[in-house]
Amino acid sequence: IPSSFFNLPMLEILYLTNNTLDGTIPPSISDSPKLRDIYLDNNFLTGTVPEISPGSLLSLEELLLSFNYLTGTIPSSICALRNNSIPPGNLISLHADCVIPPEPPEILCTPGCCTECTFG
């Protein structure tokens, strides 16, 4: 994913589902202040999900990461954007490959963070 995508100040929706993208999610994901929806599902992304800077992605409502090859843990800075956090954020949907049985999950998601766990 080109990090330059996230330098677009008016970017609200990034829809990259089913594009056979590979590589990692750039740390610059949090640089676009109006970003509301990020669809990165059904690709070949690897590595970890980057932490986001405090005060970033405050408009984010949907983050779809499932059906990739991501590892590690969903960062607490992203979980803090959930609408069930204190103070509540706007993040309604957070999908990741975090199903536990029967296989170990590809990515860990703390309780109350991911809204849908799939087996990717």
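See the structure above.
One numbering rule holds for all chains: residues counted from 1, following each sequence as written. Reporting of local features is limited, given that this is a predicted model, to residues whose pLDDT is at least 70; pairs of side-chain atoms are given and counted only at 80 or more, and all residues count toward the totals for whole chains, interfaces and linings. Remark: hydrogens and water are excluded; side-chain values derive from all non-hydrogen atoms of the structure.

Visitor: What should I look at first to understand the packing of aromatic side chains in this one?
Guide: Two measures describe an aromatic ring pair: the distance that separates the ring centres and the angle between the ring planes. The pairing test for Phe, Tyr and Trp rings, Trp by its six-membered ring, is centres within 6.5 Å, and the orientation test on the planes gives stacked under 30 degrees, edge-to-face over 60, and tilted for anything in between. For the coordinates displayed, the defined rule picks out 2 aromatic pairs. When the centroid spacing of 5.2 Å and the interplanar angle of 55 degrees are considered together, the rings of Tyr-15 and Tyr-39 count as tilted. Separated by 24 residues along the polypeptide, Tyr-15 in strand 1 (residues 13-15) and Tyr-39 in strand 3 (residues 37-39) bring together distant segments of the chain. Exposure is judged per residue with a 1.4 Å probe applied to protein chains only, and the accessible area is read against the type maximum: over 50% gives exposed, under 20% gives buried, and values in between give partly exposed. Its relative accessible area of 15% is what places Tyr-39 among the buried residues. Measuring from ring centre to ring centre gives 6.1 Å for Phe-44 and Tyr-69, while their planes differ by 15 degrees; the resulting arrangement is stacked. Here Phe-44 is found in strand 4 (residues 44-48), whereas its partner Tyr-69 is found in strand 6 (residues 69-71), with 25 residues between them in sequence. With relative accessibility at 40%, the residue Phe-44 sits in the partly exposed group. Helix and strand labels come from DSSP, where a helix needs a run of H or I of at least four residues and a strand needs a run of E of at least two; each type is numbered from the N terminus.

Visitor: Explanation requested: the state of the cysteines in the structure shown.
Guide: Working definition: the covalent bond between the sulfur atoms of two cysteines is a disulfide. Any cysteine sulfur atom paired with another within 2.5 Å is treated as part of a disulfide. Following the criterion strictly, the structure yields 3 disulfides and no others. With its sulfur 2.0 Å from that of its partner, Cys-109 forms a disulfide with Cys-114. Of note, the bridge from Cys-109 to Cys-114 carries an S-S torsion of about 105 degrees and is right-handed in sense. Of the residues examined, Cys-114 reaches a relative accessible area of 15% and is grouped as buried.

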